[in-house]
Amino acid sequence: MTTSAHPLVTRARRLAAELLVPEAERVDQEGVPASHIAAVKRSGLLGVVAPVVYGGSGAPPAVLRQTAEILAGACCATWFVQTQHHTPVQTLTQSELPVRERLLGPLARGELLSGVAYAHLRSYPSVPVRVRREGGGWRFDGTVPWYTGWGLNDVLLLAGVTDTGEVLFAFAEARDQPGLRASAPMRLAALTAARTVSLELAGLWLPEEAVALRTPYERWAPGDRARTLNVGPAVFGVAEAALSLLDEERAAPLRARLADVRRRAYALADHPVPLERAEERLAVRAQAYEVLRTATTAAVVAGGGRSMALTSRAQRLAREALFLLVQGQTAETRTAHLRALGGA
């Protein structure tokens with residue numbers, strides 16, 4: 001079976017055509033509704049890479065990438081909320097701790113939606129969230145600068161660093177509670193609809209059985225770096241959506257560039273040694289952003305003055321492209337991207 005013929009790809013296309021695209025401009029202004037999340041849960045897409053034995057589909061990475069492209073191109077805010085879910089699923093799939101048996105099934109089957117709060121680990125040795133032993137569990141203190149999906153997620157996977165330099169990931173209910181308070185939703189230039197907040201942690205206590213991962217930072221960091229070196233599928237999804245707004249004569253050369261950089265990006269993502277060819281990965285990443293910028297700019301230009309209306313799909317895609325420039329950014333990827341922009 002080809003990736004394009006996979007049942008989950010078919011479901012993603014149907015969800016995009018029947019719900020996400022028609023509602024995207026309204027969602028952009030009003031926020032991702034709970035009904036969108038319910039539709040994603042029903043679709044089976046939350047379990048795309050989860051083990052079959054737990055109710056997931058166990059699909060290959062190529063299917064996850066293609067469904068992500070489809071959802072991001074249709075409604076980037078809805079994609080961004082649901083994409084957080086795949087990290088907790090993958091973390092539990094690799095975990096041998098008791099929380100796996102409690103949560104992997106409900107997450108794989110789409111009964112629960114999980115968010116993530118771990119990007120702050122990339123600022124190490126600065127430690128925005130500290131964890132220490134307390135009683136039969138762990139106490140979290142500090143600030144999570146960005147948390148997406150507040151009010152939509154059922155649970156969240158929270159990370160912090162211990163005094164001994166271990167990273168610790170544990171699950172909590174995604175709601176205000178003793179020791180955890182969310183800010184008001186942030187007003188952003190793009191994806192305000194995804195309900196992003198900051199989280200203040202002041203003695204949040206989680207039991208030992210909530211822990212999904214505990215490992216030295218030096219062991220965790222290379223895997224995270226490998227993820228950030230590669231191009232995210234949403235870049236290609238939003239670029240393709242922008243090209244769909246052009247006539248074929250103008251879209252064709254850009255579509256060829258997009259296909260070329262996508263092919264090279266995914267070949268690198270599938271390379272068996274994740275940290276090999278790092279410079280090439282960063283270069284391809286910058287090239288993908290350049291095609292994204294060009295495609296969304298072309299869509300705005302083609303739309304003329306109408307592109308300035310908040311009901312314009314072109315300007316929404318252009319703003320989403322700005323968001324993708326910095327989503328998952330690290331000091332390494334920022335430096336490489338700026339170097340590419342400067343022609344170095």
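This report concerns the structure included in the present document. In this text the structure is predicted, and so the values were computed from the model without any measurement.

## Quick word on the overall build of the protein chain
Assigned secondary structure in the protein chain consists of twelve helices and eight strands. A globule of 344 residues ought to have a C-alpha radius of gyration of about 20 Å, and the protein chain, at 20 Å, matches this closely. If you line up the protein chain on its principal axes, its C-alpha atoms span 65 × 45 × 40 Å. Restricting the contact set of the protein chain to residue pairs at least 6 apart, pairs at least 24 apart contribute 72%.

## Considering the nonpolar core
Judged by nonpolar contacts, the single largest core of 64 residues is most densely connected at Val32, Trp79, Leu191, Phe236, Leu292 and Leu324. Listed by contribution, the elements that provide at least two residues to this core are α1 (7-30), α2 (34-43), α3 (61-74), α4 (76-83), α8 (233-243), α9 (248-269), α10 (278-303) and α11 (313-326). When neighbours within four sequence positions are excluded, Phe236 is seen to be in contact with Glu69, Val231, Leu258, Val261, Arg262, Ala265, Tyr266 and Ala288. Membership of the second largest hydrophobic core comes to 24 residues, among which are Leu103, Leu107, Phe169 and Ala221.

## Observations concerning the environment of Arg187
Looking at the secondary structure, you find Arg187 in the loop between β6 (180-182) and β7 (196-207). A relative accessible area of 71% means that Arg187 is categorised as exposed. Sequence separation between Arg187 and Tyr118 is 69 residues, and the spatial gap between their C-alpha atoms is 21 Å.

## A few points about the packing of aromatic side chains
Overall, the coordinates contain nine aromatic pairs when judged by the stated rule. For the ring pair Tyr118 and Trp220, a centre distance of 6.2 Å and an interplane angle of 90 degrees mean the geometry is edge-to-face. With Tyr118 in the loop between β1 (114-117) and β2 (129-134) and Trp220 in helix α7 (residues 217-229), the pair connects residues that are 102 residues apart, well separated along the chain. Here the two residues Tyr118 and Trp220 agree in accessibility, since each one is buried. Judged by centre distance (4.0 Å) and plane angle (20 degrees), the ring pair of Tyr124 and Tyr217 falls under stacked. Of the two residues, Tyr124 sits in the loop between β1 and β2 while Tyr217 sits in helix α7, which places them 93 residues apart along the sequence. Using a relative accessible area of 28% as the deciding quantity, one classes Tyr124 as partly exposed. Residue Tyr217 is classed as buried on the basis of its relative accessible area, which comes to 12%. Taken together, Tyr118, Tyr124, Phe169, Tyr217 and Trp220 form an aromatic cluster joined through their ring pairs.

## Some points on unusual backbone geometry
Cis geometry is adopted by the peptide bond preceding Pro125, which originates at Tyr124 and carries an omega value of 15 degrees. With a phi angle near 60 degrees, Arg195 is a residue other than glycine that sits in the positive phi range.

## Re the packing of α1 against α2
In contact at an axis separation of 11 Å, α1 and α2 are set at 175 degrees when each is read in the N-to-C sense. Looking at the two axes, α1 sits roughly antiparallel to α2. Contact residues: Leu8, Arg11, Leu15, Leu19, Leu20, Glu23 and Val27 in α1; His36, Ala39, Val40 and Ser43 in α2.

## Some words on the pairing of β7
Of the strand pairs in this sheet, strand β3 (residues 137-148) and β7 are connected by ten bridges, and their pairing is antiparallel. Across the sheet, Asp141 pairs through a bridge with Ala202, a residue of β7.

## So, the environment of Gly160
Along the polypeptide, Gly160 turns up in strand β4 (residues 155-162). Between the alpha carbons of Gly160 and Gly56 there is a distance of 28 Å; along the sequence they are 104 residues apart. Each residue touching Gly160, except ones within four places of it in the same chain, is listed here: Leu121, Val129, Val131, Phe140, Glu166, Val167 and Leu168.

## A few points about the pairing of β4
Most of β4 sits out of view: eight of its eight residues are buried. Of the strand pairs in this sheet, β1 and β4 are connected by four bridges, and their pairing is parallel. The residue of β4 that forms the bridge with Ala117 is Leu158. Note that β2 and β4 share two bridges and pair parallel. Note that in β4 the partner of Val131 across the bridge is Thr162. Strand direction decides the pairing type here: β4 and strand β5 (residues 166-173), joined by seven bridges, are antiparallel. Paired with Leu157 across the bridge in β5 is Phe171. Linkage of β4 to β5, two consecutive antiparallel strands, is achieved through a turn of three residues, within which Gly165 is found at a positive phi near 80 degrees.

## What to know about the pattern of salt bridges
Applying the stated criterion across every chain yields a total of 28 salt bridges. The partner of Arg227 in a salt bridge is Asp224, with the nearest N and O atoms 3.4 Å apart. Here Asp224 and Arg227 lie together in helix α7, a separation of three residues that amounts to about one turn. We note a salt bridge from Arg293 to Glu290, for which the minimum N-O separation is 2.5 Å. Taken as a pair, Arg293 and Glu290 lie in helix α10 at a separation of three residues, close to a single helical turn. Accessibility expressed as a relative area gives 43% for Arg293, which makes it partly exposed. Residues joined in a network through salt bridges with shared partners are Glu69, Glu240, Glu248, Arg255 and Arg262.

Criteria and cut-off values
Residues numbered from 1 in each chain as written. Predicted model: local features only at pLDDT ≥ 70, side-chain atom pairs only at ≥ 80, totals over all residues. Heavy atoms only, no water. Helix = DSSP H or I, 4+ residues; strand = E, 2+ residues; numbered from the N terminus. Rg over C-alpha atoms; globule rule 2.2 N^0.38 Å. Contact = heavy atoms within 4.5 Å. Core = buried A, V, L, I, M, F, W, Y, C linked by side-chain atoms within 4.5 Å. Buried < 20%, exposed > 50% of the residue type's maximum accessible area, 1.4 Å probe, protein only. Phe/Tyr/Trp six-rings, centres within 6.5 Å; stacked < 30°, edge-to-face > 60°. Axes fitted to C-alpha atoms, helices over the stretch in contact; angles between N-to-C directions. Parallel < 35°, antiparallel > 145°, perpendicular 65-115°, else oblique. Pairing = 2+ DSSP bridges. Salt bridge = Lys/Arg side-chain N within 4 Å of Asp/Glu carboxyl O.

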